[in-house]
Amino acid sequence: MSIGLKRGEVAVENHQIEWETSAKSIIDLLKNIMKNDIVDVQHIGSTSIKSICAKPIIDIVVGVNDFNDIFKHNDILEKFGMIYRGQDHENQHLYVCGDLQNNIQTHFIHVVIFNSKEWHDYIDMRDFLNANEEKALEYSKLKEKLAKKYPNDRIAYTNGKSRLIEEILKNAALWRKANYKM
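Remember, it's a predicted structure, so these values are computed and weren't measured experimentally.

K.L.:
Residue-level account of the overall build of the protein chain, with values.
P.N.:
When you go through the protein chain residue by residue, the secondary structure sums to six helices and six strands. Along the protein chain, from the amino end to the carboxyl end, the secondary structure elements read β-α-β-β-α-α-β-β-β-α-α-α. For 182 residues, the compact-globule formula gives about 16 Å, and the C-alpha radius of gyration of the protein chain, at 16 Å, lands near that figure. Its C-alpha atoms give the protein chain principal-axis dimensions of about 45 × 40 × 30 Å. Counting only contacts in the protein chain whose residues sit at least 6 apart along the sequence, the fraction spanning at least 24 positions is 63%. Distance between charge centres in the protein chain, computed from 25 positive and 26 negative side chains, equals 3 Å.

Next up, the structure:
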């Protein structure tokens with residue numbers, strides 16, 4: 001399958017190498033556009049975890065010191081197909097890429113304050129699941145089950161994962177503290 005899903009649809013598939021290639025391409029483009037206004041940018045989400053299934057939408061997190069560091073680039077980001085969608089969650093802003101005329105989303109770019117709780121949650125969850133195959137498999141199985149149950153209801157799919165994600169985030173934070181001296 002190629003990268004992308006219609007807005008609201010849910011489908012998961014096994015890890016694809018093209019996800020990593022696509023993420024790197026967007027990361028390089030963001031760095032080229034924003035230069036020193038980015039503190040860090042990383043591939044996150046299920047497409048960054050090799051042992052699990054994922055929706056074929058690439059998630060990227062951009063860490064900035066101030067949200068204005070990215071907002072001043074909105075016009076050029078839009079020219080490259082990165083459309084600002086607003087504050088999707090508290091303390092973060094969302095940009096979407098894809099064939100938006102046909103309602104296909106290929107990339108979500110989450111902008112957060114670098115070194116914030118939101119930044120650490122994204123990075124810790126990715127790293128923890130890449131290092132803990134048993135927990136990654138549990139998460140993958142839940143995603144497959146929910147995708148089959150809610151193929152046209154992304155909200156129900158997301159809500160169905162929330163309890164396990166909270167547990168993973170708690171374990172990931174403890175794992176990070178135990179394995180990496182900060």
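Still more ground to cover, so stick around.
K.L.:
How would you sum up the nonpolar core? Please name residues and give values.
P.N.:
Buried together is how nonpolar side chains tend to be arranged in soluble globular proteins. Counting residues in each nonpolar core, the largest one holds 23 residues, and the members touching the most others are Leu30, Ile60, Val62, Ile109 and Val111. Only helix H1 (17-34), strand S3 (58-64), strand S5 (92-99) and strand S6 (104-113) provide two or more residues apiece to this core. The element contributing the most residues to this core is H1, with seven residues. Not counting residues up to four positions away in its chain, the partners in contact with Ile109 are Ile26, Leu30, Ile60, Val62, Met82, His93, Leu94, Tyr95 and Cys97. Counting residues in each nonpolar core, the second largest holds 16 residues, with Val10, Phe128, Leu146 and Ile168 among its members.

K.L.:
Kindly report on the packing of aromatic side chains, identifying the contributing residues and their values.
P.N.:
Tallied over the entire structure, the rule returns five aromatic pairs. Look at Phe67 and Phe71: their rings are 6.4 Å apart centre to centre, the planes differ by 25 degrees, and that puts the pair in the stacked class. Its relative accessible area of 26% is what places Phe71 among the partly exposed residues. Aromatic pair Tyr84 and Tyr95: ring centres 5.1 Å apart, planes at 55 degrees, arrangement tilted. Of the two residues, Tyr84 is situated in strand S4 (residues 83-89) and Tyr95 in strand S5; the sequence distance between them amounts to eleven residues.

K.L.:
A description of the environment of Glu9 should follow, citing residues and the corresponding values.
P.N.:
Along the chain, Glu9 falls in the loop between strand S1 (5-6) and H1. Classification of Glu9 by relative accessible area gives partly exposed; the value is 29%. Those residues within four positions of Glu9 in sequence are excluded, and the remaining contacts are Pro151, Asn152 and Arg154.

K.L.:
Any details on the environment of Val112? Residues and values, ideally.
P.N.:
Locating Val112 in the fold gives a position in strand S6. Val112 gets classed as buried once you look at its relative accessible area, which sits at 0%. Residues Val112 and Val64, spaced 48 residues apart in sequence, show a C-alpha to C-alpha distance of 6.4 Å. When neighbours within four sequence positions are excluded, Val112 is seen to be in contact with Val61, Val62, Gly63, Val64, Phe67, Asn91, Gln92, Glu118, Trp119 and Tyr122.

K.L.:
Go over the side chain of Gln105 with me, naming the residues and quoting the values.
P.N.:
Looking at the secondary structure, you find Gln105 in strand S6. Non-local contacts of Gln105, meaning those with residues more than four positions away in its chain, are made with Gly4, Leu5, Arg7, Ile57, Arg85, Val96, Cys97, Leu100 and Arg154.

The rules we used
- Residues numbered from 1 in each chain as written.
- Predicted model: local features only at pLDDT ≥ 70, side-chain atom pairs only at ≥ 80, totals over all residues.
- Heavy atoms only, no water.
- Helix = DSSP H or I, 4+ residues; strand = E, 2+ residues; numbered from the N terminus.
- Rg over C-alpha atoms; globule rule 2.2 N^0.38 Å.
- Contact = heavy atoms within 4.5 Å.
- Lys, Arg positive; Asp, Glu negative; His and termini not counted.
- Charge placed at Lys NZ, Arg CZ, Asp CG, Glu CD.
- Core = buried A, V, L, I, M, F, W, Y, C linked by side-chain atoms within 4.5 Å.
- Buried < 20%, exposed > 50% of the residue type's maximum accessible area, 1.4 Å probe, protein only.
- Phe/Tyr/Trp six-rings, centres within 6.5 Å; stacked < 30°, edge-to-face > 60°.

These figures come from the coordinates and say nothing about function on their own.
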